[in-house]
Structures are given as structure tokens and as C-alpha cells.
Amino acid sequence: MIEDGIFLGYDKNIPLKNEGLGRLLAYLVSGWVKLPGHRLTIACPYWLVKDLQALLSDHGIAPERYELLCTSDPWWRKIQLRLKEFERNIRPGVHRIRARLRGEALPAMDSTKATWFDRIFLIDLNRLTNAKNLLAASLEVFKLLAFVALALWLIRLIWPVLLVMRAVVVAYRVWRKYRKRNKERASDSPKKLMRKQKRRHKRYLHEVSQLIKQINRQQVVKHWLVPTPFWPEANRIEQSKSIVCPDLVLQKFPLRFSDPTTEPIYARILDTLQNAPKLICYSDSIRNDQLVQGVGLSPDQIEVIGHGKVELGEFLKLGKSMPVLDEQRQIALEFLRVHQRSNLAGNPYWSRFAWDKSTYVFYSSQARGQKNILSLLRAIEILRHRSSVPIRLVLTCERSPGSDLDLFITDHRLDAWVLFATGVSNQVLASLYCWASLAVNPTLFEGGFPFTFTEAYSVGTPSLLSDIAMVREKIVDSDLQGQMVFDPLNPQDLANKILWGIEHRAELFDSQRVLYEAFPTWEMVAKSYSDSLRRSTN
């Protein structure tokens, strides 16, 4: 059995489901667990376990298909989990007592799933009146009398305590109101923020150090993959390891990431790269332009492993067999209508949008500087006045108040033309791709070939991609470049490409088939990673 491991050191509150690196991790794990004769172990801090399992479960990866190596919960978290479990156990009984006191209908309860709280403290009046067994009726009467006696005794005993507790509650509410009034002023204090960040970083380093000690103590997994260079602590892993560097966007666009908090992040990344024995990246452009020329690393220690083929059609099937394209589109349409009823009911422009009778382009991405979403909005504004057919835009990023995207949409009155579908499930994401006329990716920079292309093509939608080095590296056919590649800094060129692509959708889709079929499966990509880990040992 070949034992491989993946080390994850993400901090708390990192939304793996919404991050491109999180989805990429899920695709890689989905291929790794299918490799015959391989067993995968994922090492992570305790706070990441729940989110990681939810991410992998959304991609159809059951917990028993991989091993977890994680740090133990701290004492306060164990108490918190015990209290939550206790609360879950007593919740049905408390609800029944509350309903009885209010004279409401008792909520239905499965007797086979009754908790110890229900069996001991709840009095079943139906069982008392319809009892055929004297012992059962006597037990219910005894419970009723005991409950009344206990309630009277408690009222007599603890009424002073209740008064004190009431005074404490009132004092707490006054203090909470005072704290809320001064919260904004206190939160702006640089010293307070700095102390808070230092405490949080100290806890993080302690937990990651404990995790690395566990990795070094075990002797089963001797080959580890670190999927990002954010964690220089991973260099303390004593076994064989390879570190993946997706990209160095801070090096490419320093002004777009000029926030003071990015400087220590970039310093940690450089520390990781300069001390890594073996690196993996997604494209030759990243290896040659950023790692070799930009950081000064040796090309011999860097290996290029590209992305695999993303199959979103897996999320648009009702059974085990893959439906044909027409059936797939009907399933996707139903997913979109359900999402529309539950999430867009309050949107006056999109609550009645006819997905199957309208034209829209789709871009799945976060709202970051290098993603160049503003150029896409400018292209939609141009098409709004040029095209005879309304062409709308659907995005998966957040519309932050006061951001460039928000101001542009407000100034040009594009609320009816642009939908922000944030936090959608994999089924809805696949459905949005399926019914889109085109998938458009205007990014200025990526670590590898954008996997939005294979996501869209897998459900029958062609793509338009920006003219960047990572795209030219994969698309060598000049005719295909002329059809699907555009200047990302020229909204007019993008608008022309969108208009042409919608009018020649079938032709564009057929011409991209060879490019799509050239992508490997994620099982093949995982095999390349596993083999690379062993080559680093040799």
C-alpha cells in the first residue's frame, strides 16, 4: 500500500468552499482516493476538520475514503461540544414542556428516539389515561407528583437566587449597550488590533507546531504534499515533502495588493519557497517568470503539473448513470428554479427571470483585483446598447458596498443586468454553467490554465478566455486563439467576442472539443503528484 499525505495549515474562518484553492483541493483528493493501491492521509488543525469534511462531502468523497490526522480539541472546545450535545438531547423535551405550558399542540416525537431527558422528566398524559398496565400508570402518577413537589420546593428555595439573577441580567444588558456604543471606537485602535493579531498568531503557531510534531512522530506516511506556500512551518516536516506554489500574484500586481497586511504574507511565502527542497507549480509561466527569475530558484527543483478535467455533469444526474444533454439541461433548469424561489424571491429583477428563454454569460470567481471583473461589466454595458438581444451577466462573487463593482453597477443602473449568485451549491453552480450562453473569464493572471473552461465545457457551454501567458501556453492553435481569446484590458474587444460567441455558439463549442479532451482526469493528476513525491525522495 502506497501511503501519501496532504498537509493543510489554513487558519480559522477560511471558507474552503468558496475559495478556488479549496475546490482545487477537493478535485485533487477526489482523484487521489480513486488510485488503486494508494491510501491518502490529510493532516490539519482541529478547527479545519468540519469544514474540510463538508467540502469533500460536497464533491462526493466519503470520510471513510481518507484518513485524518488532526490535533486534539482544547479543553474549552471539548466542554463546548459536550454542552451542545446536551442541548441537542434536551431540546425536544423542552419544546414539549413549552408547548404544554402554552396550551399548544404537542410536537410529534418518535418514541424510539426518546432521549434520557424525555424518558425521565416528561409526563405522558396519554399513557396515563390509556394505561392498561397498573405499573405504567403508577410510574406516570409518581412522576407527576414528584414534578409538582420539586417545582414547589425549588420556588421556595431559590426565589432569592432568581432575584439576584434578574439583577445580573439587567446589569449585563446595560453593560452590553455601553459596549456596543463604544465598539467602533475601540475596534479602530491599532494597538488593540495588533495585540489581538499577535495572540491569534501565537495560538495558530502553537497548534501547527503540535500538528507537525504528530506528523514527525508517525511512521506510516513518509511523503507529504503541501498545497500552498502560505505555511513556512511545513518545512519542519522531517519526511519527504513537496510544496505547491500556485502563483505569486503579489509579485505580479504589487499595487493591487498594497495593503500593509500583505507584506508579512509575502514574507512567509518567500520563506517557504527559499527553504523548500522540491516545488510544484501549474504552468511553465509561473516556473520560469516568477519562481526562477522572480525568486531566484533553480529550475531543477521545480516540477510543472497542470490541472485536470473538471466534470460538473456529476452534479446534474438523478441516478448513477449520466443523463444525455437534453435531460441534463432539464435537471439543471429545475435546480435553478428551486434556487430562484428560495434565494431570489426578493429580487425584483431576477425573481421571474426565465433561464431557458434568456441569454446570459457566466463568470465564477471571487472579487479580487486580478480577476478583472470590471472589464466584464464594461463589456456588458457596451452590449446593452449594441445588442438587439438582452445579454445579462451572472457572477458568483460578493457585491461589497462601496466597491468598484458596486459603484459601477449603481452609476450605470445595471441591477437588472447583473446577478450576484454567491455561495451557491455545486448543483446550482453546474446549472448556471449549463444554461449560460457563454462562460467568460477576463482574468489578468492565473497560476495555471483557468479550470472554468473545463467546468463549462463539461455541461455543454463554450468559453471565452483572456489573452494571458497561461492560456497561450495551452492553446497553440492560432485559429482557436482567434475564436476564444480576447484582450482583457479592452472591453470593446471583449464585447465583440461575446457577441460573436453567442451568435456562433455551436461552432465555438465544437472547435473547443480537442482542447477539452486533451486535459487529463484528476486521477491521472493525482498519480503525477504521488509519483513526484517519490521522485523528490530519490
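Structure shown above.
Note that the coordinates shown come from a computational prediction; the quantities given were computed from them, not determined experimentally.

Q: So what's going on with helix α10 (residues 262-274)? Residues and values would help.
A: Across its 13 residues, α10 extends 18 Å between first and last C-alpha, which sits within 8% of the 18 Å expected from 1.5 Å per residue. Within α10, the full set of buried residues consists of T262, I269, T272 and L273. Projected down its long axis, α10 carries its buried residues within an arc of 95°, all on one side. In α10, the exposed positions that point more than 90 degrees away from the buried face belong to E263 and Q274. Among the structural elements, β5 (240-244), α9 (249-252), β6 (279-281) and α11 (284-292) are those in contact with the buried residues of α10.

Q: Lay out the packing of aromatic side chains with the relevant residues and their values.
A: With the rule as written, the count across this model stands at 20 aromatic pairs. Between W350 and W355, the aromatic rings sit 6.2 Å apart at their centres with planes inclined by 40°, giving tilted as the arrangement. On the accessibility criterion, W350 (0% relative accessible area) is buried. The structure contains a cluster of three or more aromatic residues connected by ring pairs, namely F449, F453, Y457, F509, Y516 and F519. The residue whose ring lies beneath K309 is Y516, and the NZ or CZ to ring-centre distance is 4.8 Å. If you follow R329 out to its NZ or CZ, it ends over the ring of W435, 3.8 Å from the centre.

Q: Would you mind going over the side chain of N372 in detail, with residue names and values included?
A: By the secondary structure assignment, N372 is in the loop between β8 (359-363) and α13 (373-386). Within the local environment of N372, its side chain forms a polar contact with the backbone oxygen of P442, the two atoms lying 2.9 Å apart. Other than its neighbours up to four places away in sequence, N372 contacts P442, T443, L444 and P488.

Definitions and cut-offs
Residues numbered from 1 in each chain as written. Predicted model: local features only at pLDDT ≥ 70, side-chain atom pairs only at ≥ 80, totals over all residues. Heavy atoms only, no water. Helix = DSSP H or I, 4+ residues; strand = E, 2+ residues; numbered from the N terminus. Expected span 1.5 Å × (residues − 1). Buried < 20%, exposed > 50% of the residue type's maximum accessible area, 1.4 Å probe, protein only. Arc of directions from axis to C-beta. Contact = heavy atoms within 4.5 Å. Phe/Tyr/Trp six-rings, centres within 6.5 Å; stacked < 30°, edge-to-face > 60°. Lys NZ or Arg CZ within 6 Å of the ring centre and 35° of its normal. Polar contact = N/O pair within 3.5 Å; in protein donor to acceptor, adjacent residues only side chain to side chain.

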